[in-house]
Amino acid sequence: MRHILTYLLPAMLAFVACGHPAEPVKIHRFEQFLFANQGETANFQTPLLNYYPDDPNFMAVLNDFRNDPIVRHIYEVTDSLYHDLSWLEQDLGDAIAKTHEICPEIDYHNFYTLVTADFDNYANRVFCNLNDMAIAIDCYTLGHSEEMQRFGVPNYIMNLCRREYIASDVMATAARSHIALPDGDLTFLDHAIAEGKTLYFVDQVLPSTPDTIKIRYTKEQLDWMKENTENVWGWLIQNDVLFSTDMTKLRNLLDDAPKTNAFGEGSAPRTGDYIGWQIVKQYMKKSGATMSELFAETNSRKILEQSGWRP
């Protein structure tokens, strides 16, 4: 055994070294600079933050925001939970390294956190431009602090506002910013396939992340979706939903909600996301497409047909 290990150990070490070495990721803490005078102003020169230190009118508005007692309290709660984000820097470093291998055009250099005190804008908790990514880190306090319930955010949203969702949300935002969409009004299938591409990408760059976190389901919701995929698909076909562009009909199939109204209590929300995910996984197995090719393909019907997917 000792002789075997003598030969195997160098090969094992070489294998580890040739994997996905983490990219160095530094998260710039705008909220700590703003409320606790930590950080350097040079770190925050990005259009994402709309920070104009040389504009006296802007600085007056910013000072009012900083001195608002409710906003300051939100910052204090946030900082007590997320003062140290070295763990997130490590997670994102690993994910960015994998991203550079499978989709090199996705190349985010700078990550920022901030406090917005705007929980109504939860859907935009992570936002980006071509090179920079910003995280409204206070959104991720809602699921960890009972006192944050006073802001009236629905429970089904609060349950998604937790530490374990941050890295997945960030990488999902990175994917969405590079997925090409067809011209004109989007069909249900277009929405489902686009989100399926996003989830497939997160599969690749955060492989150890549970499916429940990636698709933001409870275990019960994911179990329900797996058990009822055939019924959901049948309902979509029967009701001519796949190629519909009527968002009044599609909204509850695509947006965050406690359930999908058409399928009743105990059902999963965002059923389109799950359906699109399964189609894209099957398409990638059959097509051999690269991630870049997947993101560039705008013909959702083609992806469905070439996948051969059926529940």
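The coordinates are above.
Residues numbered from 1 in each chain as written. Predicted model: local features only at pLDDT ≥ 70, side-chain atom pairs only at ≥ 80, totals over all residues. Heavy atoms only, no water.

A.B. asks: Can you help me understand the overall build of the protein chain in this one?
C.D. replies: Scanning the protein chain from N- to C-terminus turns up 14 helices and 4 strands. Relative to the 2.2 N^0.38 estimate, which gives 19 Å for 311 residues, the radius of gyration of the protein chain is 22 Å and therefore close to what a compact globule would have. Overall, the protein chain is about 65 × 60 × 40 Å in size when its C-alpha atoms are taken along their principal axes. For the protein chain, with 311 residues in total, the buried portion stands at 47%. Residue pairs in contact within the protein chain that sit at least 24 positions apart in sequence constitute 66% of those at least 6 positions apart. Across the protein chain, the 26 positively charged side chains and the 43 negatively charged ones have centroids separated by 7 Å. (Helix = DSSP H or I, 4+ residues; strand = E, 2+ residues; numbered from the N terminus. Rg over C-alpha atoms; globule rule 2.2 N^0.38 Å. Buried < 20%, exposed > 50% of the residue type's maximum accessible area, 1.4 Å probe, protein only. Contact = heavy atoms within 4.5 Å. Lys, Arg positive; Asp, Glu negative; His and termini not counted. Charge placed at Lys NZ, Arg CZ, Asp CG, Glu CD.)

A.B. asks: Looking at this structure, how should I read unusual backbone geometry?
C.D. replies: Most of the time, phi is negative for any residue but glycine, and the peptide bond is trans. One non-glycine residue, Ala 117, adopts positive backbone phi at about 55 degrees. Note that Ala 117 resides in the loop between strand E2 (110–114) and strand E3 (126–128). Positive phi is not limited to glycine here, since Arg 216 has a value of about 60 degrees. Of note, Arg 216 is situated in the loop between helix H9 (211–215) and helix H10 (219–238). Overall, Arg 216 belongs to the buried group, its relative accessible area being 10%.

A.B. asks: Even after reading the chapter, I still don't get the pairing of E2, so can you show me in this structure?
C.D. replies: A regular strand places its side chains so that they alternate between the two faces of the sheet. With 4 of its 5 residues buried, E2 lies for the most part within the structure. Where E2 lies against strand E4 (residues 132–136), 5 bridges are found, and the strand directions are parallel. Residue pairing in the sheet places Asn 110 in a bridge with Asp 132 of E4. (Pairing = 2+ DSSP bridges.)

A.B. asks: Honestly, the layout of surface pockets in this entry has me stumped. Any pointers?
C.D. replies: Rolled over the atoms, a probe sized like a water molecule indicates the empty space that remains. Reported here for the largest pocket is a volume of approximately 840 Å³. Taken together, 31 residues make up the lining of the largest pocket; nearest its centre are Ala 123, Arg 176, Glu 195, Arg 216 and Leu 254. The element that contributes the greatest number of residues to the lining of the largest pocket is helix H8 (residues 188–205), accounting for 7 residues. In the lining of the largest pocket, the residues fall into 13 nonpolar, 6 polar and 12 charged. (1 Å grid on protein atoms, 1.4 Å probe; cavity = no way out; pocket = protein on both sides within 12 Å on 5 of 7 lines; lining within 4 Å. Points joined across faces, edges and corners; volume = space filled by probe spheres on them. Nonpolar A, V, L, I, M, F, W, Y, C, P; charged D, E, K, R; others polar.)

A.B. asks: How do you make sense of the packing of aromatic side chains when you look at a structure like this?
C.D. replies: According to the stated counting rule, one finds 15 aromatic pairs in the structure shown. Ring geometry for Phe 35 and Phe 65: centres 6.3 Å apart, planes at 55 degrees, overall tilted. Taken together, the positions of Phe 35 in helix H2 (residues 30–36) and Phe 65 in helix H3 (residues 56–67) put the pair 30 residues apart, joining distant regions of the chain. Ring geometry for Tyr 274 against Trp 277: centres 6.3 Å apart, planes inclined by 90 degrees, an arrangement best described as edge-to-face. One end of the pair is Tyr 274 and the other is Trp 277, both in helix H12 (residues 271–287) and 3 residues apart, which spans about a single turn. (Phe/Tyr/Trp six-rings, centres within 6.5 Å; stacked < 30°, edge-to-face > 60°.)

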